[in-house]
Every structure is written in structure tokens, then in C-alpha cells.
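The primary structure of each chain is shown beneath.
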Amino acid sequence: MSVNSLRKLEQILFKGLPIFLASLGGLFLLLSLLFWQDATMPLLPGVFAEEIPVPLHYFKLGTELINIEIGNFLLFQNFESLPPVLDSNFSVLYGALIVILLSFGLTLLSTLKKMYFIGGTAAAIFFFTFTGINGLNIGGLSTNYPLIILLIGTLFPIVIIHFFQSNWSLGKRFLVIASCFIFTLILLIFISKVDSAKLLLSENITLPVAFLAVFFMFHTGHAVVSSSSIFLIKLNQGVKLKISWHITIISILYFFLVLFTLLSIMGEVNLPFPTLPPSILFLVAGILGYYVIDYKIKQTEQVFDIPLIGKSFYLIGFAFAAWTWGKAIYTFNEPLIEFFNHTFLYGQIALTLLFFAYLLTNFSSILNTGGALEKVIFKPQHFAYFHMRIGATMLVVILIIFANGVIATQLTAASANLYADYNYQIGNYRNARILYENSWMEYFKNDRAKNTVAHLYLEENQANAALRHLEESFDYAPNVPNIILISSRLHRSDKILEAIFYLEKGLDYYPNNSKLLNNLALLYSKINRPEEALDALSKATASDKVNISNTIALSIKHNLAVPSGMSFGDDTITKINQLALANKLGNFADFTLSTIDLPEQFVIKSSLLRNQWTNQASFDFETDLVIIDSLVRQNQTPYEERNYWETKVVRSHQGNEIDETLKYLSGSTFSFPNHAAAYHVMSAEILASQLDFEKAGIDLKIAAADGYNKFKPHHLAILYFSGKIEEALALKEKQGINFPNWMQWDENELLIQNQQVKFYQILSTFHQSMTNKIMDRLSELNEPEFKAELAYFIMIHKAHSLKQGEYKILEDILTSGENAVWTKEEFEELKLALLEGKVEIKSDKVRRIIKPELSMIRNSYLTPLIMQTLNKEDNNLRRYEILQEAIQFNKDPILWMEFVKESRINGLANYGTRAMEEMAGWLTYEEMEKLMLENL
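Since the model is a prediction, treat every value here as computed from it, not as a measurement.

What counts and how
Residues numbered from 1 in each chain as written. Predicted model: local features only at pLDDT ≥ 70, side-chain atom pairs only at ≥ 80, totals over all residues. Heavy atoms only, no water. Helix = DSSP H or I, 4+ residues; strand = E, 2+ residues; numbered from the N terminus. Rg over C-alpha atoms; globule rule 2.2 N^0.38 Å. Buried < 20%, exposed > 50% of the residue type's maximum accessible area, 1.4 Å probe, protein only. Areas by Shrake-Rupley, 256 points an atom, 1.4 Å probe, with all protein chains shown as cover. Core = buried A, V, L, I, M, F, W, Y, C linked by side-chain atoms within 4.5 Å. Contact = heavy atoms within 4.5 Å. Pairing = 2+ DSSP bridges. Salt bridge = Lys/Arg side-chain N within 4 Å of Asp/Glu carboxyl O. Phe/Tyr/Trp six-rings, centres within 6.5 Å; stacked < 30°, edge-to-face > 60°. Lys NZ or Arg CZ within 6 Å of the ring centre and 35° of its normal. Expected span 1.5 Å × (residues − 1). pLDDT = per-residue confidence, 0-100. Polar contact = N/O pair within 3.5 Å; in protein donor to acceptor, adjacent residues only side chain to side chain. Patch = residues over 30% accessible without salt bridge, like charges linked within 9 Å, V, L, I, M, F, W, Y side chains within 5 Å. Axes fitted to C-alpha atoms, helices over the stretch in contact; angles between N-to-C directions. Nonpolar A, V, L, I, M, F, W, Y, C, P; charged D, E, K, R; others polar. Parallel < 35°, antiparallel > 145°, perpendicular 65-115°, else oblique. Left-handed = near helix turned anticlockwise from the far one by under 90°.

Secondary structure summary: the chain contains 42 helices and two strands in total. In summary, the chain has a C-alpha radius of gyration of 43 Å against a globular reference of 30 Å for 936 residues, an excess of more than 25%. Expressed as a percentage of its 936 residues, the buried residues of the chain come to 55%. Counting every atom, the chain has about 42300 Å² of accessible surface; 58% of that belongs to carbon and sulfur.

Shown next as C-alpha cells:
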């Protein structure tokens, strides 16, 4: 390989690669500071649901507007402190990067002049001694064998190369030294018996590398002032401005910036202006220091012969500092973060002040002459640069004393945290907890340690010990995760007022913290202080999706108006709450949520299905039925299964599958007996909407016997007119519920007749009555409203048995007069759709009733559609099955007579005979005889 090629390779290997690693470290430090600082202490919103009643369906019976209620879910998000998360893969990656950087450093060490090489080798031995390598326990507990093996495998090649192969190129040196170093480490890890040896080494090496980082920080102590001075001196060449004033102003401003930053992090002063984080200042100083290093190498005696070595040393030091400081922030090792903050600022204060004094002492008389002073700035005439460093060192010691030597406790706590982190990551939680406790006792500004201790005590079911530690944290070093955690634990213990106390006090330390405000609002809601709850949310970040979702949910829960002008956003939880709002108001939402790609979390998935299907369905019934059935069949808790069963009821009802809805409700009463009363009431309301008062009364009677206590006046009316008069009167007395206002009794305790009473009397036996009998009673109704409503019911339930003249009577009632809501064309279309199955329906009104896209036998109470299906069905057995299903619900005489006929055709006459016997219970002999003559 040619000399030029070799030099290019060395430039790439010892300048390009260190620049890349240093830049990557700087980026990692910046990202950790800005985005990942709280990554190890997750505060995530947990989701819980509260059920509210919303109308599933409205139906009208006379003047009574009845709504069938179903539960919808409001989703609330409550922030929870989760156990700290440490990524062992990141720790191992950090260790691998440090090994690479150390390989570069050891290679450069082999190039130093003899005495400096000996000193550097001694420093390397000292460094490796403090890496905790003996913790690998090779040959016994904490023996020195690992250290000896490491020193032999690492330093022996360096010594051989330095003394016997000094002519080797940097590339060849790196290849040999790095190979030996890495092979030795792999060998030690392989023969070690400890858990995750590579993780142990990665954590233990952090602290020794932190010391190397501190040396680098001290090296860059005057980088800002010196680089600024050199820059101004070069600009001033030939201009002869008084740049001494510029340098003075820059030096004073920077000096006070770092001084006030130190005082701020020490808590000595409350500044009215912000300061920059020390890590940002470090990056600035590190970058500017690289600009200065070239001048320093040229003007001062160095321990190496090639300038590339000095620059490479600088870049490696920068990478050490950036990666280790970044790791401290990323893992939230606060003692180590504070150690870096303090030591960096000590160096900046001391060296900035001393370098400014050094500059003025040596060059004040010629600073403004416009000469090329940058070429001799590190070659002073009076105040030697070496003496300046000694003075800065003394000033650093003074600053350490001024800070009460806090870096010693920071180091002790940081060391305990690192070893605790190793134990935590390998699952040795008891040792980790003890180490974290000791770490916090050493240094209180140690939030993750205390948070981890509390979580580990909770894992051990020692809630009291966890609360004690959280109280200590609040007393000495309050922080948001621990305030969230203690309030959550108190809330779970039903100590809501105490939980509120900690959140309110926490806001004194962290004003307008959105997470504290959010949790406080939810607790205010729980003790029925809705105005304060919404006020707390209004102080949080308005654009936060958790805030928006909870604001909507709390407004709905407490029957308050949703704040105007709020941007709802498009996240799933907010949309689910918007659906609940639309359903409560009886409106269709202007969006639909997918019921195919469902979230994994049960509370979100079940709430999405319930609220969406209560509003409207996006897919056909069969598709949705497959989805809900697959969820019902899952292995789950009884609550989850019941939730899905109720959602299945909602979906079937929304699909006009009345038969299936009633079956699901009946099954639910057996599967979930503790909730059977509510299911019976819902079933009764659906049956009443289909004019089946008889079965509705049975369900209401059972619900009353099961202890249902939320009956309403219309329930009593249905129960009364179903023939269960005594039960209705007893329920009125027992629960203090009044009958509807239109139900009044005279002095003889007889129900006073009026149009509404007559209307209900007709409806009470509507389906089992002969059509001519109902038509006769139609004339008893004088009020057009009742007359029109009964005429409509006759049309959709009895059209199959009407005579031509009766159609004319119904048409006149429905299409003429003040209360007419039908046109003659719509009536004719309804008639054809009911009797002949007209597919192309123009009227939306008729389409909503018939729903031709759905099964004609979905609702057994729509007798004309059942009869229409029978007329089109050629298979006798299928006709029998359809009728057998229908008569389970509907007592229409003609429908039952059709069943008798089909049972005889299919050779099942005994079932037909039994049906005839049952019909005799609600029809007269004459009516039975007429039906047999006309239908058999």
C-alpha cells in the first residue's frame, strides 16, 4: 500500500470514524435531552369506561313516547405511573460503543512518547481496575483473575508494539490492539458464570468512562472564550478595532451564564430568566473546542508526534462524554446527570475566568493591533498557560467546596444506581430495591430510584411500604410520576380526598401540569364536582387528545354542554365518546368507526362496537354477527362475555332482527342471572313496540319479582293492559310509581274510559284478535291521532287479512285529514310491498318499514311479510319451519291456522292439533270455525 493510501486510511480510521461516533453521540445526547428524558419512567394514560343510558330506539303508543334504553360507554383516560423500563439491549450497545472507543484510545496510547506512555499505561491499569471486571467471578467470588486476564490481553500487545514495533502504522496497530482487546473481553464473558456478563460490564464501565468524560470537559473549559477570541482576532487582522471590549463582553456574558446555571441547578437562586441546560452548553463547547485544538497542538509541546493523534484523542473524548451523558439522561440516572452538570459547570466557570485573565495579562497591549495573535495565543510572555491550568484547578476545588462536595454523594448514588440497574434488568428485584433505596438515601434528587422502589414494593404486595416511600418522595423531592402513583394507590384504597390532596399540592410544584390536572379532574368528577373537573381540564393543554376526550366524556356524564369551539380530533377514544354524545341526543354521527379492524384492548374494543352499533351499522348483519360471535366465544371474564352479549342484542335490534334480539335477551337472562331483571324489562319494551302486551307483561312481572327498581309509568300501563292488573297496582304501591296521567280511577276504583284507554285496550289483544274485530273497534276512536296510529298498525301487521273495502277505510284515515302523514301513492306502495313484495320502492318512508334488503322473516310480528315469504316458498318443510318459528312470537290467528295446515301436510298433525287447542284459549268458537273453513 502506498504512503498516500496509508495516510488516507489513517485519516478515515482515526479522524472520520471518531467524528462519526462523536457526532452520533452528540445527536443521541440532544435527543435524550429533548425527547427521551422520561423514557424510563413511563406515564401512560390508562383507559376505563363508565356506562350511561342512551336511547336505542323510540316508539310511540298513543301519547306515550317510549325509548328502549341501552348502555353506552364513556371512555376516560387516567394517567398511571408504570414500573420503570430499562432496555438491556441499549446498555449492551452502549458497552459495545465504549469498547470501540477504548480500542481507538489504546491504539493512540501506544504512540505516546516514552514517559507519557508509561504514565498512560498506568492510567489504563487504574481505569480497568475500576471497571468492576472482577465482578465476573471467574475462579471464585470477586477474584482478581478477570482483571489480570484483561490487563494481559490488552496491555501486553500495546507494550510490545510501543517498544518493539514502533514503526507500525496506526491502522496496523488498531487492528492488533482492538482484536486482542475484544477477544479478551469475549473470552471473559464466555467463561464467566454471572447472569448476563456483558450487561454487567456495560453497566459497570459507565462510571470509569464518566471520569474520562470529566477530564474532557475540563479540557474544553475555556473553549467558548478561546474560540471566540481567536475568531475575533482573525477578523481584526488589518482592521485594528478594539476587540478587547468584544472579548470582555463575551467572556463576562458567558461567565455569568454558566455561573447562574450552576446556581440555578443548585437551587440557590430563582432566576427571572431561563438558562441553557448544561448538556447543550457542553455540545457548544465541544464543537468550538475542536476549532481551537489545532492551534493548541501547533503552539504547545505535545505528548505525541503526529497532530492527527491529538485530534483523534479529542474526538474520542467528546464521544465518551456525549454517549455517557446521553446514557445518564436516557436512563434517567439523576445523580450521574447532576454529576455531569456540576463538573462541567465547575470547569467552565474556572477556566473561562482564568483564560480571560490569562488573555488580558499576556496580550492586552497588542490585542487591538490587528496582528496575527492566534499564532501565538498559547505561547504567552508572562502568565504561562500551564500556570493558568493550575489556577483553574484550584478554582474548581473551591467550587466543589462551595457546593458542599455534592459530587461525592452524586458519584456514590450514581454508582449504586448503575449496579441496581443491572440487577433490575436481570430480574434480581430484591437486590435492586435495596440498592435503589440506598442510592436515594445518598442523594434525594433521584426520582427513578424512589419510583422503582415503590413499584417493587407493590410487586411484593407491600402496599404500606410503597406508600411510605412515596410519602418520603413527596416530602423531600416531589416529582410528577410519584405524585401520580401515590394518588392512584390512595384512590384504589377509596381514600379519594387524600388522593385529591396530593394532586392539588403537586400542582403547587408543577403548575398546569396536564397529567396532574387530568387525574385531578377525574377525581373531582367522582365526588360530583363537575364544574371544578372541567375547569381543571381547561387549564391543561387544549390540543392534547387525552384532554379533549376526557372533556367530552365528563360533559356527557354530568349533563353539561361540551365546550364550544373545541377541536375534537380524530383519535379512536375521542370518536367513541363523540358517538356516545350523538347516541344520547338521538342523532346520527357524521362519521363511522371501523368494526372490522378492532383495537386489542377490551375496553376500547367493546366500547367501540357498542357505541357504533347503537348509532348505526356499517356492514350487513351477517358480517357483524360473525365478528361479535367470535368475541363471545373467547375465553374471558363473565363481565366481558356479558358486555359482548349486550352488544349482540344492540346489533340485532339495529338490524331489525326482532326475533333474534328477543332470543338473545332470553338467553342472557339465564347466562347472567344477576342482570336478568334489566334484560326482562328491555325485552318487555321491545315486545310492547311490536304490540305484544301479553308477553311484555310476563317479562315485566318477572323483572319485578327479580327486584328491578327502575320502573317507569309506561311500564305500569303495559303491565296493567296485559291483564296483570293486580301486579301493576302492587308495583305502584311498593315502588311509589304513578300510572300515566291518562290513567285515572273513579270512586269505585274503576278505570275511567278515555280515548287513550280505549286505544290501549285495543292494543292489548291486537295480534291475537281477528282483523274484522279490530276494524270494528277502530270506529270507537274519535281522536284522529289515535285513529291514524291504529290504522297504521293494522296496515303493517294485518294487511294480509284485510278486505278491499277495509284497505279503502285505512287509506282514507292515513292519507286525509289534519294528521295525515301519508300520500295515496305511498299508501299504495306500502300495500304492494306488504302483499306482493315490491322490490323497487321509491318512498323512503316505505323503505324504512319494509327494508327489502333484509330478510322478510326477521320479525315474526310483521305477519304480512311472513305470509308473503310463505307464498313464494315451494318447499313444504321449509314453510313449516318458518311458521313454527313465527308462532313462537306472534299469535295472529291466520298465521297459526297456516301452521296447522302445514303441520298436517308434513305429517305432523299432532302439533297442529295442539296449536288448535291453544288457539281456542283466545278465540271464540265462531271465530275458530270461520278460520278453519277459510284456511283448511
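Counting 157 residues, the largest nonpolar core has Leu 61, Phe 721, Leu 763, Leu 790, Ile 794, Leu 810 and Ile 850 as the members making the most contacts within it. If sequence neighbours within four positions are ignored, Leu 810 has contacts with Met 775, Leu 778, Ala 791, Ile 794, Met 795, Leu 802 and Phe 827. In terms of nonpolar packing, the next biggest core, distinct from the first, is built from 123 residues, Phe 14, Ala 22, Ile 158 and Phe 318 among them.

Summarising burial for strand 2 (residues 64-81): 16 of the 18 residues are buried, a large majority. As judged from the 18 bridges shared by strand 1 (residues 43-61) and strand 2, these two strands associate in the antiparallel manner. If you follow Lys 60 over to strand 2, its bridge partner there is Leu 65. Taking the residues that link successive antiparallel strands as the turn, the strand 1-strand 2 hairpin has two residues, and the phi of Gly 62 there is positive, at about 70°.

Another point: the pattern of salt bridges. In this structure the tally under the stated criterion is 35 salt bridges. In this structure, Lys 712 and Glu 69 form a salt bridge, with 3.5 Å as the shortest nitrogen-oxygen distance. Residue Lys 712 is located in the loop between helix 29 (693-705) and helix 30 (713-721), and its partner Glu 69 is located in strand 2; the two are separated by 643 residues in the primary sequence. Beyond isolated ion pairs, a larger network of salt bridges with shared partners links Glu 51, Arg 610, Arg 642 and Glu 646.

The next thing to look at is the packing of aromatic side chains. On inspection of all chains with the given rule, the structure shows 58 aromatic pairs. Here Phe 501 and Tyr 502 contribute two aromatic rings whose centre-to-centre distance is 5.3 Å and whose plane-to-plane angle is 75°, an arrangement assigned as edge-to-face. An aromatic cluster is defined as three or more aromatic residues linked by ring pairs; in this entry it consists of Phe 693, Tyr 720, Phe 721, Phe 739, Trp 742, Trp 745, Phe 759, Tyr 760, Phe 786, Tyr 792, Phe 793 and Trp 822. Stacked on the ring of Phe 766, the Lys or Arg Lys 798 has its end atom at 5.8 Å from the ring centre.

Here we come to the side chain of Ser 801. Locating Ser 801 in the fold gives a position in the loop between helix 34 (784-798) and helix 35 (804-815). Exposure remark for Ser 801: the relative accessible area of 18% places this residue in the buried category.

Before going further, it helps to examine unusual backbone geometry. Positive phi outside glycine occurs at Asn 137, with the angle close to 55°. Residue position: Asn 137 is located in the loop between helix 3 (114-129) and helix 4 (145-164). The phi dihedral of Asn 656 is positive, around 60°, even though this residue is not glycine. With respect to the helices and strands, Asn 656 occurs in the loop between helix 26 (638-654) and helix 27 (658-671).

This brings us to helix 14 (residues 406-425). Taking 1.5 Å of rise per residue, the 20 residues of helix 14 would be expected to cover 28 Å, and the 28 Å separating its terminal C-alpha atoms lies within 8% of that figure. Judged by how many residues are buried, helix 14 sits mostly within the fold: 15 of 20 residues are covered. In the stretch just after helix 14, Gly 427 is the one whose phi turns positive, near 90°.

For the rest of this paragraph, the subject is the confidence of the model for the chain. The predicted model of the chain averages 90 in pLDDT, with 98% of residues at 70 or higher. Summarising per-element confidence for the chain, the mean pLDDT is lowest in helix 13 (residues 385-402) (77) and highest in helix 28 (residues 676-689) (96).

Bringing the environment of Ala 676 into the picture now. Checked against the element boundaries, Ala 676 lands in helix 28. Taking relative accessible area as the criterion, Ala 676 reaches 6% and is therefore assigned buried. With 32 residues separating them in the primary sequence, Ala 676 and Tyr 708 have C-alpha atoms 9.2 Å apart. Aside from chain neighbours lying at most four places away, what touches Ala 676 is Thr 669 and Asp 706.

With that settled, consider the environment of Leu 435. Mapping Leu 435 onto the fold places it in helix 15 (residues 429-442). Here the alpha-carbon distance between Leu 435 and Ala 420, two residues 15 residues apart in the chain, equals 5.4 Å. Leaving out residues up to four positions away in the same chain, Leu 435 has contacts with Ala 416, Tyr 419, Ala 420 and Asn 423.

With respect to burial, helix 6 (residues 197-204) is a largely interior element, seven of its eight residues being buried. Among all positions of helix 6, only Ala 197, Leu 199, Leu 200, Leu 201, Ser 202, Glu 203 and Asn 204 are buried. Buried residues along helix 6 sit against helix 2 (88-109), helix 5 (170-191), helix 7 (206-219), helix 11 (307-330) and helix 14.

A few words on the side chain of Ser 192. Among the structural elements, Ser 192 can be located in the loop between helix 5 and helix 6. Among the polar contacts listed, one links the side chain of Ser 192 to the backbone nitrogen of Val 194, at a separation of 3.3 Å. With residues near it in sequence (within four places) discarded, Ser 192 still touches Leu 136, Ile 138 and Ala 197.

A contiguous nonpolar surface patch, about 750 Å² in accessible area, is contributed by Tyr 145, Ile 148, Ile 152, Phe 156, Ile 160, Phe 163 and Phe 164. With respect to the helices, strands and loops of the structure, Phe 163 is situated in helix 4.

The residue Met 217 is located in helix 7 in this model. In sequence terms Met 217 and Gly 286 are 69 residues apart; their C-alpha atoms lie 8.0 Å from each other. Once residues within four sequence positions are removed from consideration, Met 217 is found in contact with Phe 282, Ala 321, Trp 325, Phe 340, Thr 343, Phe 344 and Gln 348.

This part is about the packing of helix 8 (residues 223-235) against helix 12 (residues 334-363). Relative orientation of the contacting elements helix 8 and helix 12 amounts to 35°, with a least axis distance of 8 Å. Along its contact with helix 8, which presents Val 224, Val 225, Ser 226 and Ser 229, the element helix 12 presents Gln 348, Thr 352, Phe 355 and Leu 359. Counted by class, the contact of helix 8 with helix 12 contains four nonpolar, four polar and no charged residues.

With that settled, the discussion passes to the packing of helix 27 against helix 28. Contact geometry for helix 27 and helix 28: axes closest at 8 Å, N-to-C directions at 160°. Considered as vectors, helix 27 and helix 28 are oriented roughly antiparallel to each other. The hand of the helix 27/helix 28 crossing is left-handed. In contact with Ile 658, Thr 661, Leu 662, Leu 665, Ser 668 and Thr 669 of helix 27, helix 28 contributes Ala 676, Tyr 679, His 680, Met 682, Ser 683, Ile 686 and Leu 687. Here the residues of the contact of helix 27 with helix 28 sort into eight nonpolar, five polar and no charged.

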